[in-house]
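Survey of secondary and tertiary structure
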Amino acid sequence: MAFRSVLLALRSMWVGDPALPANLRVGRDVYIGPHVNLDWSYGHLISIGDQATLVAGARILCHDASSNRRLGVTWCAPVTIGARAYIGADSLILPGVSVGDDAVVAAGAVVSRDVAAGTVVAGVPARRIGTTADLDNKRRELLKSRPVFRLEDSGRDGSVSAVAEMIEAAEEGGFFVGEATQGVDAH
């Protein structure tokens, strides 16, 4: 086994990144976070669009075996995740669901019906709570009054250059991490 393969295997054991199922259809620049669970047996029924994001603990199922013992059959249906869709932490996407382009599935949501493009859903079962345009407008408004820290100063890499300021900002209602936008300077 090549050295790089050994490192990836060790990282997988420590971080919990599963191997991807066979014949999974994945677009360009897709982020699949740690502990994402993609239906291993039916990965060929999963399609993930360009620049989609699936964060820690998200789960996609393409089969429902609840009738198997009684009827001897398992229901299977494809799942499609649209381009630039965001699938939140510990959410569950059930068989036959399509999540549209630019849609957001909130953390912990259980999605049993299609999610229209540009829609935000949350809850169990997931229900529409707004649009991504509404969410972006709320964040733009909040950007005017809350600090923005650069990712390299966030403490995620072990540095503490801005951690004290971030803790203070969190206690005062939160902060942003990323590139400064809309004329707001990053700390």
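Attention in this report is confined to the structure presented alongside it. The structure displayed is predicted, hence computed values, not measured ones.

**Topic: the overall build of the protein**
A count of helical and extended segments in the protein gives 4 helices and 18 strands. Long-range pairs, those at least 24 residues apart, make up 29% of the contacts in the protein with a sequence separation of at least 6. Counting only carbon and sulfur atoms, one obtains 54% of the accessible surface of the protein, whose full area is about 11,500 Å².

**As for the sheet that holds strand E9 (residues 79-81)**
Reading across from one edge, E1-E4-E9-E12 is the order of the 4 strands in this open sheet, with parallel pairing throughout. At either end of the open sheet lies a strand with only one pairing partner, and these are strand E1 (25-26) and strand E12 (98-99). Where strand E4 (residues 46-48) meets E9, 3 bridges bridge the pair, whose relative direction is parallel. Each residue of the ladder has a partner; that of Ile46, found in E9, is Val79.

**So, the side chain of Thr119**
Note on placement: Thr119 falls in strand E15 (residues 119-122). Among the polar contacts listed, one links the side chain of Thr119 to the backbone oxygen of Ala116, at a separation of 3.1 Å.

**Overview of the nonpolar core**
By size, the foremost hydrophobic cluster in this structure holds 24 residues, and its most contacted members are Ile60, Ile81, Ile93 and Val99. Looking at this core, the elements that each hand over two or more residues are E4 and E9. In contact with Val99, not counting residues within four places along its chain, are Thr80, Ile81, Gly82, Ala85, Ile87, Ile93, Val105 and Val115.

**Things to note about the environment of Thr132**
Within the secondary structure, Thr132 sits in helix H3 (residues 132-143). Since its relative accessible area comes to 13%, Thr132 is described here as buried. Considered as a pair, Thr132 and Thr119 are 13 residues apart in the sequence and their alpha carbons are 5.7 Å apart. Ignoring sequence-local partners within four residues, the contact set of Thr132 consists of Asp102, Ala103, Val104, Gly118, Thr119 and Val120.

**As for the pairing of E15**
With 2 bridges joining them, strand E13 (residues 104-105) and E15 adopt parallel strand pairing. Opposite Val105, over in E15, you have Val121 as the bridge partner. Bridging between E15 and strand E16 (residues 127-131) involves 4 bridges; their strand directions are antiparallel. Of the residues in E16, the one forming a bridge with Thr119 is Thr131.

**Points about the pattern of salt bridges**
One pass over the structure, following the stated rule, counts 3 salt bridges. With a shortest N-O distance of 3.3 Å, Arg28 and Asp50 are connected by a salt bridge. Of the two residues, Arg28 is situated in the loop between E1 and strand E2 (31-32) and Asp50 in the loop between E4 and strand E5 (53-54); the sequence distance between them amounts to 22 residues. For the salt bridge of Asp102 with Arg84, the shortest nitrogen-to-oxygen distance reads 2.7 Å. Taken together, the residues Asp102 in the loop between E12 and E13 and Arg84 in the loop between E9 and strand E10 (86-87) connect sequence positions 18 residues apart.

**Some thoughts on the packing of aromatic side chains**
By the definition in use, this model includes 1 aromatic pair. Relative to Phe175, the ring of Phe149 lies with its centre 5.3 Å away and its plane at 85 degrees, an arrangement referred to as edge-to-face. Here Phe175 lies in the loop between helix H4 (163-171) and strand E18 (176-177) and Phe149 lies in strand E17 (residues 148-149), a separation of 26 residues in the sequence. Taking relative accessible area as the criterion, Phe149 reaches 1% and is therefore assigned buried. Look at Phe175 and you get partly exposed, because its relative accessible area is 30%.

What counts and how
- Residues numbered from 1 in each chain as written.
- Predicted model: local features only at pLDDT ≥ 70, side-chain atom pairs only at ≥ 80, totals over all residues.
- Heavy atoms only, no water.
- Helix = DSSP H or I, 4+ residues; strand = E, 2+ residues; numbered from the N terminus.
- Contact = heavy atoms within 4.5 Å.
- Areas by Shrake-Rupley, 256 points an atom, 1.4 Å probe, with all protein chains shown as cover.
- Pairing = 2+ DSSP bridges.
- Polar contact = N/O pair within 3.5 Å; in protein donor to acceptor, adjacent residues only side chain to side chain.
- Core = buried A, V, L, I, M, F, W, Y, C linked by side-chain atoms within 4.5 Å.
- Buried < 20%, exposed > 50% of the residue type's maximum accessible area, 1.4 Å probe, protein only.
- Salt bridge = Lys/Arg side-chain N within 4 Å of Asp/Glu carboxyl O.
- Phe/Tyr/Trp six-rings, centres within 6.5 Å; stacked < 30°, edge-to-face > 60°.

In short, shape yes, function no, at least from these values alone.
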